[in-house]
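Chain by chain, the residues:
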Amino acid sequence: MNNVLVGQSGGPTAVINASLYGVITESLKHRGEIDRIYGAINGIEGFLKGQVVDLERELDKEDLEALKTTPAAYLGSCRYKLPEDLNNSVYQTLFDKFSALDIKYFLYIGGNDSMDTVSKLSAFAKKINSPVRVLGIPKTIDNDLVHTDHTPGFGSAAKYVASTVREVCLDASIYDKPSVTIVEIMGRHAGWLTASSVLARKYPGDNPALIYLPEVAFSEERFLDEVQKALKEKTNVVVCVSEGINDGNGVFICEHASNGEVAVDNFGHKMLTGCGKYLENFIKNKLDVKVRSIELNVLQRSSSGYASLTDIQEAAHAGAHGIEAGLSGETGKMISFVRAKGEPYSLSYETVDVSEVCNKEKAVPVEWITKNGTDLSDEMIEYIKPLIQGEPEVPMKGGLPYFPHRPNK
């Protein structure tokens, strides 16, 4: 049993394939210890259906290099929750499939829910005394995984948000008439990505004038008052809000627009959207100003045009360190980023017990949220800035970026 299986899970990022690149290239360095490199199509769910590809046969040298700057999930993704009961037959089925392919190392690239899968599989492997080593490679634009300084995908998404909001702010300023523009940004319980919009400002007092995160209870009345005050200081006001802003009692603002009827995914998470449009209508009914809302939606996680070179490099290192950890005998671990104190910015890689990571969320420190919950401190700016640095060289063909892809059957 000397083969590697790698899968991707959850929402993709601009650099999730850079982690896949890291897994593949590091595996190739260890011939003799690793024989074949398989990819699970559509994550653990697809693997259960027998959807596996030999990555060495599928990816030539050019496509392998291009993976680093290819957004979305090359192998496809899933949101599949494994049963809590380790006696469920699905676990033995999975490990039978591991055995049939001589899998010794299973690496899962994903966020919080994916780490839950890593935790359960490693627990079952221990239960049956299986030699399969299971490791998690972190990924999420939400930056909400604990026991790691930040997560691959966040830096590029933060760079996209800050850049796009800066463009929106310029667009909003072209007319000399009062206006409010509301930008809705991803983030269910953690406001890291919305907080990155603070970097859009070109000078003190610039837009976005107000930034709202889910870590602070949201009041519509207070929001109206703060918008009115902002309009007295500037003609055009840009507001950034997390999709997960809530009243502090567990009710999301977007639920007001849907009468509380919000769909949930396989992990029981509410599928949030619409708070920007709701607040647009709220302001429109209260104030005699032009109002519009913009939902950045999946562009935050799929845009490679604003990808961070630092993020790409760190994502690839995370994948490579996953292989190194497996070869050294580790299992049930997640690769963790450790930031050195002081300047210049530098990072090292460690492993942490994945059971201490899954089903937990890292919120923005409350001391970094200022001005009654409408702004961010300099500490937040200094935290994010190193993660957005550098621009990758994206391969082009016919005037457009080249992205290797699998046929969508």
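Read on for an overview of the structure.

About the cut-offs
- Residues numbered from 1 in each chain as written.
- Predicted model: local features only at pLDDT ≥ 70, side-chain atom pairs only at ≥ 80, totals over all residues.
- Heavy atoms only, no water.
- Buried < 20%, exposed > 50% of the residue type's maximum accessible area, 1.4 Å probe, protein only.
- Helix = DSSP H or I, 4+ residues; strand = E, 2+ residues; numbered from the N terminus.
- Pairing = 2+ DSSP bridges.
- Right-handed = clockwise from strand over helix to strand, strands pointing away.
- Axes fitted to C-alpha atoms, helices over the stretch in contact; angles between N-to-C directions.
- Contact = heavy atoms within 4.5 Å.
- Disulfide = S-S within 2.5 Å.
- Salt bridge = Lys/Arg side-chain N within 4 Å of Asp/Glu carboxyl O.
- Parallel < 35°, antiparallel > 145°, perpendicular 65-115°, else oblique.
- Left-handed = near helix turned anticlockwise from the far one by under 90°.
- Nonpolar A, V, L, I, M, F, W, Y, C, P; charged D, E, K, R; others polar.

1. Thoughts on the pairing of strand β2 (residues 37-40)
Every other side chain in a regular strand lies on the same face of the sheet, so the side chains alternate between the two faces. Going residue by residue along β2, you find I37 and G39 tucked away on one face and Y38 and A40 tucked away on the opposite face as well. The pairing of strand β1 (residues 3-8) with β2 spans 4 bridges and is parallel. Within β2, the position partnered with G7 by the bridge is A40. Regarding topology, helix α1 (residues 16-28) serves as the crossover connection from β1 to the parallel β2, and that connection is right-handed. For β2 and strand β3 (residues 52-54), the ladder comprises 3 bridges, and the chain directions are antiparallel. Directly across from Y38, in β3, lies its bridge partner D54.

2. As for the sheet that holds β2
Strand order in this open sheet of 7 strands is β3-β2-β1-β4-β5-β10-β11, and the pairing throughout is mixed. Each edge of the open sheet is held by one strand with a lone partner, namely β3 and β11 (347-353). Here the strands of the sheet are splayed against their neighbours by 30° on average, with no regard to which way each runs. Relative to strand β5 (residues 133-138), helix α13 (residues 309-327) is tilted by about 165°, and along the sheet it contacts β1, β4 (103-110), β5, β10 (333-339) and β11.

3. Observations concerning the side chain of S304
Structurally, the position occupied by S304 is in the loop between α12 (299-302) and α13. Not counting residues up to four positions away in its chain, the partners in contact with S304 are T69, P71 and F403.

4. What about the state of the cysteines?
As enumerated under the stated definition, the model contains 0 disulfides in all. With no disulfide of its own, C169 has C240 as its nearest cysteine by sulfur position, at a separation of 6.5 Å. Here C169 falls in the buried class, since its relative accessible area comes to 5%. What makes C240 buried here is its relative accessible area of 0%.

5. With respect to the pattern of salt bridges
If you walk through the whole model with that rule in mind, you get 22 salt bridges. Residues K120 and D116 are paired through a salt bridge, measuring 2.9 Å at the closest nitrogen-oxygen approach. Remark: D116 and K120 occur in helix α6 (residues 112-127); sequence separation between them is 4 residues, near one turn of the helix. Take K120: its relative accessible area is 7%, and that puts it in the buried class. When salt bridges with common partners are traced through the structure, they connect K81, E84, D116 and K120 into a single cluster.

6. A short note on the packing of α1 against α13
Where α1 contacts α13, the two axes come as close as 7 Å, and the packing angle between them is 40°. Taken as axis vectors, α1 and α13 run oblique relative to one another. Taken as a pair, α1 and α13 cross one another with a handedness that is right-handed. Residues A18, S19, Y21, G22, V23, E26 and S27 of α1 form the contact with α13, whose participating residues are I312, A315, A316, G319, A320, I323 and E324. Counted by class, the contact of α1 with α13 contains 8 nonpolar, 4 polar and 2 charged residues.

7. Things to note about the sheet that holds strand β7 (residues 210-212)
Here 4 strands make up an open sheet; going across it, the order is β7-β8-β6-β9 and the pairing parallel. Strands at the two margins of the open sheet, each flanked by one partner only, are β7 and β9 (290-295). The average angle at which neighbouring strand axes cross in this sheet is 15°, direction not considered. In this sheet, strand β8 (residues 236-242) lies alongside strand β6 (residues 179-185) in parallel orientation, the contact comprising 7 bridges. The partner of V180 across the bridge, within β8, is V237.

8. Quick word on unusual backbone geometry
In this chain, N207 is followed by P208 through a cis amide linkage whose omega measures 5°. Residue position: P208 is located in the loop between α8 (192-195) and β7. Within the chain, H147 stands out as a residue other than glycine whose phi angle is a positive 60°. Within the fold, H147 resides in the loop between β5 and α7 (154-172). On the accessibility criterion, H147 (45% relative accessible area) is partly exposed. At N297, a position not held by glycine, the phi torsion is positive, near 55°. The exposure class assigned to N297 is partly exposed, which follows from its relative accessible area of 34%.

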